[in-house]
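Examining the three-dimensional arrangement
Spelled out, the chains give:
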Amino acid sequence: MAANPIEVSPSDARYDALRRGFNQRWIATPDYVVVATTADDVVEAVAKFVGNPAHSKRRITVRSGGHCYENFVSSGDVGVIIDVSQMNRVHYDPEMKAYCVEAGATNWHSTTQLYRSTGLALPGGSCYSVGLGGHVSGGGYGMLSRQFGLTVDYLYAVEVVTVADGKQPKKTVARKDSTDAALHDLWWAHTGGGGGNFGVITRYWFRDLPSPPAQVLARSVAWEWKDFREHPELFKSLVRRYGQFFEYENSGKLPASFGTYTFQDMFTLLKLTHMSSGKVGLTIQLDGTRDDSVARLAAFLDWITKDFKTGDTYHVAETPLDRAIGEHPAQGALFIPTRLPWLTATQSLNESGPNRCGKYKSAYMTKGFTDHQIEAIHRHLTDPHYSNPDALVQVDSYGGAINKVGAKDTAVPQRSSVLKLQYQAYWTWGTDADKNGVYDYRDAEKDPGIAAPHLRWIRNFYQDVYGPTGGVPAVVDQALPATRTANTDGCYINYPDVDLLDVQHFNKSGQPWHQLYYKNSYERLQRAKKLWDPHNIFRHDQSVTVPTTP
């Protein structure tokens, strides 16, 4: 049966919704949006695009969940968007002897469909609506990753619509055990090389997926900024000790006070907000089936907040996390440690936040924070000239099972980090700049000043924290003296940041953007690019480039 993809043109009522994703900064004006329901739809859509000379200077892009942080999917140079969100089946494939997940499935699809039917889980992210097409290919991680690793650590095969000859698209299946070197490189490129580089991903297959704990122990707490304003040294102590804990845990050198406790099953999110939010938050989840889980949770919290109490006096008291922070909802009910089925606990964290604009940056850290970094974090989170309760840096615990995989085994080379940071700033238009009586994206087009203070704050923040290494979380490189003792290991491709391209203003490290994302893996990714997309049909501002040398 011939494919018959749905095309949504500008005259269609759906067009305005389908030409954008979650981040309202980016609005495209494509000729049409293809709503694909099968891989054959994708083949036909790509064939039509490459066969149309009018598209030679425009891009074809792909959306699964729509969470792209930069304008890689939606921008003015986009001719066609392929929306694969309707391709969301999750099932066991007996021929592959693997679980098949289509590229349009979200984290929530994979979580519910896999777990309810099999008791297994993909260790993906906590934001329910993120599409797996981009999440997996960039090396997705989540609350189970310290215990079980990254999503790509279970990737057996991937189906990609490729255009190796620049003319005839076809479905290509690349396996981990492919004996053909070109196919194996294509598989490997999708274990962390990022989306939108080599073709259109339509399906993944996973083997040996883990079983999450039947019960998890969860707790969310918060501390009031007014207390930290009175005792800034205690805010700095929290950040320092939080980083130290995971540095020590990763090296097997936790203080003797922890006894025989182990913590690989524990994942935490420390939300260091701008003071205008009123509270700093922390969410903790660990295996609730272990007899020592309650004691381990308490021991961790007691250690990172050791300086908050003198005698019987609390200088900074624990309070409920009763407000949304970043992309997660309020979790006041988890102020008391709560044991929940894993699926129930996962559901409680699932949210995508309201419709708004956002800017993001990232960092991998191989050790805890330096004094310089702590001072810079405090300085920008208490900046009196900026007020935004939706501005923060989220510090996720990392390492554990993630670091048991070799740096070259997948395209994710950061396999020695203990923390992973996401800098976030959100805002809405808030000004009727074009005087038409409503707020919408046209106000931002009319008045760049709407976004300016938020972009300025997050850029200054990031540059200050990583000032000693050129304003970015540089990779250790013995050829660059400033990076030789760095406690950072680059950036996360799934939190893209085009500022890394600007070596005059934002990236003075001496390291190109691709080294910050891929380290020494980039040449192999380029080899896959040359084999599978030599005409650079699939591209964006930070896509893998076709090498110019043989």
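Up top you'll find the structure we're talking about.
Worth saying up front: this structure is predicted, and the values here are computed from it rather than measured.

**Considerations on the packing of helix H11 (residues 371-381) against helix H13 (residues 452-465)**
- Closest axis-to-axis distance for the H11/H13 pair is 8 Å, and the angle between their directions is 165°. As judged from the angle between their axes, H11 and H13 are roughly antiparallel. Along this stretch, H11 crosses H13, giving a crossing that reads as right-handed. For the pair H11 and H13, contact is made by His372, Gln373, Ala376, Ile377, Arg379, His380 and Leu381 and by Trp457, Asn460, Phe461, Asp464 and Val465, respectively.
- For the contact of H11 with H13, the per-class residue count stands at six nonpolar, four polar and two charged.

**What to know about the sheet that holds strand S2 (residues 32-35)**
- As summarised here, the arrangement of the four strands in space is S1-S2-S4-S3, forming an open sheet in which the pairing is mixed. Edge positions in the sheet fall to strand S1 (6-8) and strand S3 (59-63), since each of these pairs with one other strand and no more. Strand-to-strand twist of the sheet, defined as the mean angle between neighbouring strand axes without regard to direction, takes the value 25°.
- As judged from the five bridges shared by S3 and strand S4 (residues 78-83), these two strands associate in the parallel manner. Bridging from a neighbouring strand, Thr61 pairs with Ile81 of S4.

**Description of helix H8 (residues 232-251)**
- Over its 20 residues, H8 extends 29 Å from the first C-alpha to the last, a length consistent with the 28 Å expected when each residue adds 1.5 Å.
- Residues of H8 that are buried: Leu234, Phe235, Lys236, Ser237, Leu238, Val239, Arg241, Tyr242, Gly243, Phe245, Phe246 and Glu249.
- Positive phi appears at Gly252, one or two residues downstream of H8, with a value of about 75°.

**Concerning helix H10 (residues 342-349)**
- Within H10 the residues assigned to the buried category are Trp342, Leu343, Ala345, Thr346 and Leu349. Projected down its long axis, H10 carries its buried residues within an arc of 160°, all on one side.
- Here the buried face of H10 lies against helix H3 (107-118), strand S10 (215-224), strand S12 (279-287) and strand S16 (338-341).

The rules behind the values
- Residues numbered from 1 in each chain as written.
- Predicted model: local features only at pLDDT ≥ 70, side-chain atom pairs only at ≥ 80, totals over all residues.
- Heavy atoms only, no water.
- Axes fitted to C-alpha atoms, helices over the stretch in contact; angles between N-to-C directions.
- Helix = DSSP H or I, 4+ residues; strand = E, 2+ residues; numbered from the N terminus.
- Parallel < 35°, antiparallel > 145°, perpendicular 65-115°, else oblique.
- Left-handed = near helix turned anticlockwise from the far one by under 90°.
- Contact = heavy atoms within 4.5 Å.
- Nonpolar A, V, L, I, M, F, W, Y, C, P; charged D, E, K, R; others polar.
- Pairing = 2+ DSSP bridges.
- Expected span 1.5 Å × (residues − 1).
- Buried < 20%, exposed > 50% of the residue type's maximum accessible area, 1.4 Å probe, protein only.
- Arc of directions from axis to C-beta.

Note that every value here comes from positions in space, so none of it alone points to a role or purpose.
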